[in-house]
Amino acid sequence: KAGVTQTPRYLIKTRGQQVTLSCSPISGHRSVSWYQQTPGQGLQFLFEYFSETQRNKGNFPGRFSGRQFSNSRSEMNVSTLELGDSALYLCASSVTGHKGTDTQYFGPGTRLTVL
Amino acid sequence: DAKTTQPNSMESNEEEPVHLPCNHSTISGTDYIHWYRQLPSQGPEYVIHGLTSNVNNRMASLAIAEDRKSSTLILHRATLRDAAVYYCILRDVSGAQKLVFGQGTRLTINP
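What counts and how
Residues numbered from 1 in each chain as written. Chains lettered and ligands numbered in written order. Predicted model: local features only at pLDDT ≥ 70, side-chain atom pairs only at ≥ 80, totals over all residues. Heavy atoms only, no water. Helix = DSSP H or I, 4+ residues; strand = E, 2+ residues; numbered from the N terminus. Buried < 20%, exposed > 50% of the residue type's maximum accessible area, 1.4 Å probe, protein only. Contact = heavy atoms within 4.5 Å. 1 Å grid on protein atoms, 1.4 Å probe; cavity = no way out; pocket = protein on both sides within 12 Å on 5 of 7 lines; lining within 4 Å. Points joined across faces, edges and corners; volume = space filled by probe spheres on them. Pairing = 2+ DSSP bridges. Axes fitted to C-alpha atoms, helices over the stretch in contact; angles between N-to-C directions. Disulfide = S-S within 2.5 Å.

Lay out the environment of Gln17(A) in plain terms, naming residues and giving numbers.
Residues and elements named next belong to chain A. With respect to the secondary-structure elements, Gln 17 resides in the loop between strand S2 (10–13) and strand S3 (19–24). For Gln 17, a relative accessible area of 34% translates into the label partly exposed. Taking the C-alpha atoms as reference, Gln 17 lies 6.5 Å from Ser 79; in sequence the two are 62 residues apart. When neighbours within four sequence positions are excluded, Gln 17 is seen to be in contact with Val 78, Ser 79, Thr 80 and Leu 81.

See the structure below:
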């Protein structure tokens, strides 16, 4: 099976712009989660989608949004970019299963640099 | 989400066993203990998980204390490829579908 894929792998934007990142989960996985990783804050949960519905949301401003399509592919959008949004954005998919035991499979991430 | 405490860093030699500790004194009865690791320039990857009993898989072993307030990830024979940041995470059966990462333990393997 192919793993989780994320596009693009690298992105450079300027302040005030918006950006859309894409994630294709492992075939058969219906849950997609997004995380932000920065040197200062570490790995932080952004949101999770399941069957096209946002099921959980982390503590991020409304500039961060996402969606999931019927084929489970997901996109996240960041509007009005700030310098502090520079980070590695990771997508993870899982079958859905039992919250205590299901495994999340991570993609390689999209490295976003905001100038 | 219950908190975990791990040493910031550890060092070991190639082909020797490595024991990575994790304290989770506020663990609840429905919390599963998960370990993920993040190799340099990669996304995190699942290592192992358990509830009460010790667990083994092809990557590692997980030893869980009887009171479940601590656990140890055991790499039986470390290789250079095991150099990574290791995260110990508690996941509640009824909680949100998310992973709450702490700072993890940065493991260095010496050749």
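Alright, that's what it looks like, and here's the rest.
Describe the layout of surface pockets, with residues and values.
Volume-wise, the largest pocket comes out at about 620 Å³. Around the largest pocket, the lining is made up of 25 residues, and of these Gln37(A), Arg111(A), Gln38(B), Tyr87(B) and Arg106(B) lie nearest the centre. Among the elements of the structure, strand S4 (31–38), strand S5 (42–50) and strand S11 (110–114) of chain A together with strand S8 (84–92) of chain B are those that each provide at least two residues to the lining of the largest pocket. With three residues, the single largest contributor to the lining of the largest pocket is S8(B).

Tell me what's going on with unusual backbone geometry, and back it up with residues and numbers.
Residues and elements named next belong to chain A. Omega for the bond connecting Thr 7 with Pro 8 falls within 30 degrees of zero, at -10 degrees, which places this linkage in the cis form. Mapping Pro 8 onto the fold places it in the loop between strand S1 (5–7) and S2. Here the phi dihedral of Glu 52 falls at roughly 70 degrees; this positive angle occurs in a residue that is not glycine. Along the chain, Glu 52 falls in the loop between S5 and strand S6 (53–57). The partly exposed category is assigned to Glu 52, whose relative accessible area is 49%.

Could you give me a rundown of the sheet that holds strand S7 (residues 64–68) of chain A, with the residues and numbers involved?
All names here are of chain A. Strand order in this open sheet of four strands is S1-S3-S8-S7, and the pairing throughout is antiparallel. Edge positions in the sheet fall to S1 and S7, since each has one partner strand and no second. Taking the axes of each pair of neighbouring strands and ignoring which way they run, one obtains an average angle of 20 degrees across the sheet. Bridge analysis of S1 against S3 gives three bridges, and the strand direction is antiparallel. The residue of S3 that forms the bridge with Gln 6 is Cys 23.

So what's going on with the sheet that holds strand S4 (residues 45–50) of chain B? Which residues, and what values?
Residues and elements named next belong to chain B. Across the sheet, five strands lie side by side as S1-S9-S8-S3-S4; this open sheet has mixed pairing. Where the open sheet ends on each side, the last strands, each with one partner, are strand S1 (9–13) and S4. Each strand of the sheet is rotated relative to its neighbour by a mean of 25 degrees, with strand direction disregarded. As judged from the eight bridges shared by strand S3 (residues 31–38) and S8, these two strands associate in the antiparallel manner. Counted as the bridge partner of Gln 38 is Val 85 from S8.

Any details on the state of the cysteines? Residues and values, ideally.
Counted according to the given criterion, the structure contains two disulfides over all chains. Residue Cys23(A) pairs covalently with Cys91(A) via a disulfide, S to S 1.7 Å. Where Cys23(A) bonds to Cys91(A) through sulfur, the torsion about that S-S bond is close to -55 degrees, and the disulfide is left-handed. In this pair, Cys23(A) is assigned in strand S3 and Cys91(A) in strand S9 (residues 87–94), connecting sequence segments 68 residues apart. Its relative accessible area of 0% is what places Cys23(A) among the buried residues. Sulfur-sulfur distance for the disulfide between Cys22(B) and Cys88(B) comes to 2.1 Å. Sign of the S-S torsion, about -85 degrees for the bond between Cys22(B) and Cys88(B), identifies this disulfide as left-handed. Linking Cys22(B) in strand S2 (residues 18–23) with Cys88(B) in strand S8, this pair joins segments that are 66 residues apart in sequence. In this structure, Cys22(B) and Cys88(B) share a single accessibility class: buried.

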